[in-house]
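Read off the chains here:
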Amino acid sequence: MENLQDLFDKIMGTARNIEEGRVAAYIPELAQVDPSLFSLSMTTLDGTTCSSGDQGCFFSMQSISKAATLCFAIETLGRDKVFSKIGMEPCSEPFNSIMKLEMTSSLPLNPFINAGAIVLTGMFNEQYGSLAIAEIVDFFSRLMGRQTRGSLRINENIYRSEKATADRNRALAYFLHNAGTLSGDVEEALDLYFKLCSIEVNTVDISVMGATLASGGRNPVSGEELLSIDTVYIVCGLMSVCGLYDQSAEFAVEVGIPAKSGVSGGIVCVVPGRMGLGVFSPPLNKSGNSVAGIRALAALSRELKLRGI
Ligand code: GLN
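On a predicted model such as this, the values are computed, not experimentally measured, just so you know.

Caption draft 1: Representation of the pairing of strand E7 (residues 266-271). Burial within E7 is extensive, with six of its six residues counted as buried. Burial along E7 is two-sided: the face carrying Gly266, Val268 and Val270 and the face carrying Ile267, Cys269 and Val271 are both buried. Looking at chain direction, strand E6 (residues 259-261) and E7 are connected through three bridges and run antiparallel. When the bridges of E7 are listed, alanine 259 appears paired with cysteine 269. Hairpin connection, E6 to E7: the antiparallel pair is bridged by four residues, and glycine 265 has positive phi, about 110 degrees. In the sheet, E7 pairs with strand E8 (residues 275-280) via six bridges, with the strands oriented antiparallel. Paired with isoleucine 267 across the strands is valine 279, a residue of E8. Between E7 and E8, which follow one another and run antiparallel, lie three residues, and glycine 273 among them has a positive phi close to 75 degrees.

Caption draft 2: How the structure looks around the site of the ligand. Around the ligand there are 14 residues in total, and Tyr26, Gln62, Ser63, Glu162 and Tyr193 lie nearest to it. Between the ligand and tyrosine 26 there is a distance of 2.5 Å, counted from an oxygen atom to a side-chain nitrogen or oxygen. Compared with its free state, where it exposes 300 Å², the ligand has 99% of that area covered by protein. Its residues assigned to classes, the shell around the ligand shows seven nonpolar, five polar and two charged.

Caption draft 3: Highlighting the pattern of salt bridges. Across all of its chains, the model carries 11 salt bridges by this definition. The salt bridge involving glutamate 303 is made with lysine 10; its shortest N-O contact spans 3.9 Å. Here glutamate 303, found in helix H13 (residues 291-303), pairs with lysine 10, found in helix H1 (residues 2-16); they are 293 residues apart in sequence, far enough to count as distant. Here glutamate 303 falls in the partly exposed class, since its relative accessible area comes to 45%.

Caption draft 4: Examining unusual backbone geometry more closely. We note that glutamine 62 has phi near 45 degrees; this positive angle belongs to a residue other than glycine. Looking at where glutamine 62 falls in the secondary structure, it is placed in the loop between strand E3 (59-60) and helix H2 (64-77). For tyrosine 245, which is not glycine, the phi dihedral falls at a positive 55 degrees. Within the fold, tyrosine 245 resides in the loop between helix H11 (229-242) and helix H12 (248-254).

Caption draft 5: Focus on the sheet that holds strand E5 (residues 199-201). Spatially, three strands are ordered E3-E5-E4 in an open sheet, and the strand pairing comes out antiparallel. Each end of this open sheet is capped by a strand with a single partner; those strands are E3 and strand E4 (153-154). Two strands pair when backbone bridges link them, and E4 and E5 are joined in this way by two bridges, in the antiparallel orientation. Across the sheet, the residue bridging to isoleucine 154 is isoleucine 199, located in E5.

What counts as what
Residues numbered from 1 in each chain as written. Predicted model: local features only at pLDDT ≥ 70, side-chain atom pairs only at ≥ 80, totals over all residues. Heavy atoms only, no water. Buried < 20%, exposed > 50% of the residue type's maximum accessible area, 1.4 Å probe, protein only. Helix = DSSP H or I, 4+ residues; strand = E, 2+ residues; numbered from the N terminus. Pairing = 2+ DSSP bridges. Near = heavy atom within 4 Å. Polar contact = N/O pair within 3.5 Å; in protein donor to acceptor, adjacent residues only side chain to side chain. Areas by Shrake-Rupley, 256 points an atom, 1.4 Å probe, with all protein chains shown as cover. Nonpolar A, V, L, I, M, F, W, Y, C, P; charged D, E, K, R; others polar. Salt bridge = Lys/Arg side-chain N within 4 Å of Asp/Glu carboxyl O.

Structural measurements only, silent on function.
Below, the structure written as structure tokens:
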């Protein structure tokens, strides 16, 4: 691991030297974060983790939660139910776009845009009622091998900040409810969605999540079998084509592995059969993806031949 540590340090030193990008400010609490934080972790399929940078720092999952949510949804509700209300198509609009909904029979294009994730939180509320959040946090904790590191927690400040300023997500949710796509209580579906976006993780956590997908569903740290191979294929397939919103194609060219980003500046990646990666750097590009994070991943992808060539 010594050479790998040197490689990580070198890559992060280079990727960090850029002034581009802006920290997300539309959720006021996210604007408070230190933009210079930078962390990179890798977990291989033997359960070994290697990290560099501000390793211990925590950040909210934001849309990275959408990949974990989809795992939970397919495992508990089944593929047919999940995809009865949500498509499997890439989206060329921003993650919170309303426009496409009116043009696509009111079905969200995929589970990784806000509309798709809110439809899923509505389904969870119907299935689990008030137990939904506890069930999901427990599942996410196991997905990230948290058994020995303590359960995941919700960052209350971020949760409240997003809930207080979520006009756009509210507009999406009420539109979906009016169209019959989102069932149950709209505010409760939104509330669960905000809580999932506010779950705090570090890059080790998300690298273990990536490694669980990379191994075909077995968490390499805890040894727990968590996901069926069909779930892994669906989640990784969608990560490949919609994981970075309207920048997904460019990311496929630059990095070339399944990934999911969030507006806090985190990105989780899956290198099938090899490893999971987690990176965090808050300044974002116009698509809402971490600028330095993508740079670091692009360099790592070439150095370690993460595409296999
Ligand atoms: N909580 C954020 C929102 O709903 C998640 C978006 C993201 O990470 N891209 O706007």
